Amino acid sequence: MTRKPGRRSTLVGTVAEEVLAYTAGEDRELDLALVEYDCIGTAAHAVALSRLPLTPPVMTPDETHRIIRELVEIIRSHRRGAFRISAADQDVHLAVERRLTRRLGEIGRKVHLGRSRNDQVALDMRLYLKDQLVSVAEQLCSTVRALLRQAARCRSIPMVGRTHMQPAMPSTVGLWLAAFAEALLDDGSDLQHVHTLADRCPLGAGAGYGVPLPLDRWLEARLLGFRQPVTNVLYAAAGRGRLEVRALGALAQVMLTLSGLAADLIIFSAPEFGYVTLPEEMCTGSSIMPQKRNPDVLELMRARAAALQASVQAAAGIVHGLPSGYHRDLQEIKPLVMRGFAVTGGSLKIAAAVVGKMTINREALRRAFQAPVFAADEAVELARQGLPFRDAYRRVKERLSGVESRRPEEAVSRRTGWGAPGNLHLEVLQAEARRLGQWARAERRRFHRAVSRLLGVQYPALESSG
Ligand code: ARG
């Protein structure tokens, strides 16, 4: 091969080095997260090629078998940290194909028949999204359980409920924490919904217009553990991006919830409140002020939540107004998505640890109960004695200094409506968390089973199934 200075020959032509560097962008690193999916997808495609009803066959079952054995080896070397994506490869797709060709010669050169990097990357991203959504859902369940355990422990510890940050009504620590648990469970159903949308296989779409071969798209979908193929091939390959925007939206929703928890904890752990003490090992010190125990983790959670919101806009902006068909623009969504999953998983984990290990300070919570916080209760009592509520309200408001202080425990125990401080129904949220956890486990099992069957070795362990 002739090599002109400043140029590099790749599987798909000769390109200037600076162009390769510019177009590959972060792909050479980020695509390492896609290696297993690319190999698994290639295995399914090789099976589909061997099942094409053509004579002579474009790929024999034996050739497919050898390809799959080599793909398993690629996954193994990737796990050892030995699989590289070179500058000439640009991305995981060409790196895997080049390695197959290097090891298997002509057989390797057959494997790209009937596919394009466009359906390949769409497939890799869908498999990645499904996996990550399940992982985040599992982490979310752990965080919900940590919140519910702490809520159960503090079920009847009185806490001043606030609106506008002003003392409002008697409440409990249990109510405060369980509210975040329920919010996260709602966010969890967004994750499930996006997973359902991701659970359709784009293979067979090629560059976005199908391929002139009788490829069995349902077979490919089944082999990979998808419920079905994406129906329209243009949407399958070139409709990439929308799904990622939705995934980022679901993650941003989780982070939105966590940002509220972070804000509360930052305020309530400040000495002036002192409601909670953050676990010592989760606070950071100051380089100048020896007394400081700073809630840096919570501040970063808050900032990363904001940045994630912005990345939903960034991704939607990239997709916005794109003409039909594949465009390289879509590649720029990949770093946003990968960072989104890392941030959300990490934040859920930290939130669970903070909530599980923080100390609740009953005395500080009790000190915050000043008589006016019982004003609404007093008005309600007058109304129960027959005074129209608006008159009762006025009467209490006119002599606020006369509002009687009450026992906070007594005041919260009277709030017995469904889900109120005196009647939390934590078991409802516990059951919902259990269901979400079961769903995640079942989805993971379903994928692992399909891949084990496809590769002929136990996945993810990669031990031979004998
Ligand atoms: N790295 C590329 C991406 O993320 C892979 C697809 C390249 N396809 C193409 N037609 N240039 O989109």
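The following refers to the structure shown. (Residues numbered from 1 in each chain as written. Predicted model: local features only at pLDDT ≥ 70, side-chain atom pairs only at ≥ 80, totals over all residues. Heavy atoms only, no water.)

**A few points about the environment of Leu 382**
Here comes step 1: Along the polypeptide, Leu 382 turns up in helix α15 (residues 375-384).
Here comes step 2: For Leu 382, a relative accessible area of 17% gives the class buried.
Here comes step 3: Once residues lying within four places of it in the same chain are set aside, the contact partners of Leu 382 are Leu 387, Ala 392, Arg 395 and Val 396. (Helix = DSSP H or I, 4+ residues; strand = E, 2+ residues; numbered from the N terminus. Buried < 20%, exposed > 50% of the residue type's maximum accessible area, 1.4 Å probe, protein only. Contact = heavy atoms within 4.5 Å.)

**As for a nonpolar patch on the surface**
Here comes step 1: Residues Val 380, Phe 389 and Tyr 393 make up a contiguous nonpolar surface patch of roughly 270 Å² in combined accessible area.
Here comes step 2: Tracing the backbone shows Val 380 in helix α15. (Patch = residues over 30% accessible without salt bridge, like charges linked within 9 Å, V, L, I, M, F, W, Y side chains within 5 Å. Areas by Shrake-Rupley, 256 points an atom, 1.4 Å probe, with all protein chains shown as cover. Salt bridge = Lys/Arg side-chain N within 4 Å of Asp/Glu carboxyl O.)

**Side note on the pattern of salt bridges**
Here comes step 1: Evaluated as defined, the whole model comprises 27 salt bridges.
Here comes step 2: Between Glu 63 and Lys 110 there is a salt bridge, and its shortest N-O distance comes to 3.1 Å. Of this pair, Glu 63 sits in helix α4 (residues 61-79) while Lys 110 sits in helix α6 (residues 106-110), and the two are 47 residues apart along the sequence.
Here comes step 3: Looking at Lys 110, the relative accessible area reads 23%, which means it is partly exposed.
Here comes step 4: In this structure, Glu 70 and Arg 103 form a salt bridge, with 3.5 Å as the shortest nitrogen-oxygen distance.

**Concerning the site of the ligand**
Here comes step 1: Around the ligand, the neighbouring residues are Asp 27, Asp 91, His 93, Arg 117, Asn 118, Val 121, Arg 240, Tyr 326, Arg 328, Gln 331 and Lys 334.
Here comes step 2: Here Asp 27 contributes a side-chain N or O atom positioned 2.6 Å from a nitrogen atom of the ligand.
Here comes step 3: The separation between an oxygen atom of the ligand and a polar side-chain atom of Arg 240 is 2.8 Å.
Here comes step 4: Contact with the protein chains removes 87% of the 340 Å² of surface that the ligand exposes when unbound.
Here comes step 5: Ranked by residue count, the leading element in the shell around the ligand is helix α7 (residues 117-153), at three residues.
Here comes step 6: Tallied by class, the residues present in the shell around the ligand amount to two nonpolar, three polar and six charged. (Near = heavy atom within 4 Å. Polar contact = N/O pair within 3.5 Å; in protein donor to acceptor, adjacent residues only side chain to side chain. Nonpolar A, V, L, I, M, F, W, Y, C, P; charged D, E, K, R; others polar.)

**Some points on the side chain of Thr 101**
Here comes step 1: The topology assignment puts Thr 101 in helix α5 (residues 92-104).
Here comes step 2: Exposure remark for Thr 101: the relative accessible area of 18% places this residue in the buried category.

**What about the packing of aromatic side chains?**
Here comes step 1: In total, this model carries nine aromatic pairs according to the counting rule given.
Here comes step 2: Between Trp 176 and Phe 268, the aromatic rings sit 5.4 Å apart at their centres with planes inclined by 70°, giving edge-to-face as the arrangement. Residue Trp 176 is found in helix α8 (residues 173-198), and its partner Phe 268 is found in helix α11 (residues 242-268); the two are separated by 92 residues along the sequence. Each member of the pair, Trp 176 as well as Phe 268, is classed as buried. (Phe/Tyr/Trp six-rings, centres within 6.5 Å; stacked < 30°, edge-to-face > 60°.)

**Considering the pairing of strand β4 (residues 166-172)**
Here comes step 1: By the bridge criterion, six bridges tie strand β3 (residues 158-163) to β4 in an arrangement that is antiparallel. Residue pairing for β4: Val 160 is matched across the bridge by Pro 170.
Here comes step 2: From the end of β3 to the start of β4, which pair antiparallel, there are two residues, and His 164 there has a positive phi angle of about 55°. (Pairing = 2+ DSSP bridges.)

**A look at the pairing of strand β2 (residues 13-16)**
Here comes step 1: Here strand β1 (residues 7-10) pairs with β2 via four bridges, running antiparallel. Directly across from Arg 7, in β2, lies its bridge partner Ala 16.

**Structural notes on a negative patch on the surface**
Here comes step 1: Together, Glu 26, Glu 29, Asp 329 and Glu 332 make up a negatively charged patch on the protein surface.
Here comes step 2: Structurally, Asp 329 is set in the loop between α12 (296-319) and α13 (333-357). (Lys, Arg positive; Asp, Glu negative; His and termini not counted. Charge placed at Lys NZ, Arg CZ, Asp CG, Glu CD.)

**Some thoughts on the nonpolar core**
Here comes step 1: In this structure, Trp 176 and Leu 455 are the most contacted members of the largest nonpolar core, which totals 132 residues.
Here comes step 2: Top contributing element to this core by residue count: α7, with 16 residues.
Here comes step 3: With residues near it in sequence (within four places) discarded, Trp 176 still touches Met 159, Asp 264, Leu 265, Phe 268, Val 276 and Met 358. (Core = buried A, V, L, I, M, F, W, Y, C linked by side-chain atoms within 4.5 Å.)

**A word on the packing of helix α3 (residues 35-50) against helix α18 (residues 426-455)**
Geometrically, a packed helix pair is captured by the angle between its two axes and the distance between the axes.
Here comes step 1: In the contact formed by α3 and α18, the axes pass within 10 Å of each other and the chain directions differ by 55°. It follows from the interaxial angle that α3 and α18 lie oblique. Viewed along their axes, α3 and α18 form a crossing whose handedness is left-handed. Contacts between α3 and α18 involve Ile 40, Ala 43, Ala 44 and Val 47 from the first element and Phe 447, Val 451, Leu 454 and Leu 455 from the second.
Here comes step 2: Broken down by class, the residue content of the contact of α3 with α18 amounts to eight nonpolar, no polar and no charged. (Axes fitted to C-alpha atoms, helices over the stretch in contact; angles between N-to-C directions. Parallel < 35°, antiparallel > 145°, perpendicular 65-115°, else oblique. Left-handed = near helix turned anticlockwise from the far one by under 90°.)

**A few points about the environment of Glu 409**
Here comes step 1: Mapped onto the secondary structure, Glu 409 falls in helix α17 (residues 408-413).
Here comes step 2: Looking at Glu 409, the relative accessible area reads 24%, which means it is partly exposed.
Here comes step 3: Considered as a pair, Glu 409 and Thr 101 are 308 residues apart in the sequence and their alpha carbons are 73 Å apart.
Here comes step 4: The residues contacting Glu 409, other than those within four sequence positions of it, are Pro 158 and Arg 366.
Here comes step 5: A polar contact is formed between the side chain of Glu 409 and the side chain of Arg 366, at a distance of 2.2 Å.

**Concerning the packing of α3 against α7**
Here comes step 1: Where α3 contacts α7, the axes come no closer than 9 Å and their chain directions differ by 120°. In terms of axis orientation, α3 runs oblique to α7. α7 is crossed by α3, and the crossing has right-handed handedness. Residues Tyr 37, Asp 38, Gly 41 and Thr 42 of α3 pack against Gln 120, Leu 123, Asp 124, Leu 127, Tyr 128 and Asp 131 of α7.
Here comes step 2: Among the residues making up the contact of α3 with α7, the classes are represented as four nonpolar, three polar and three charged.

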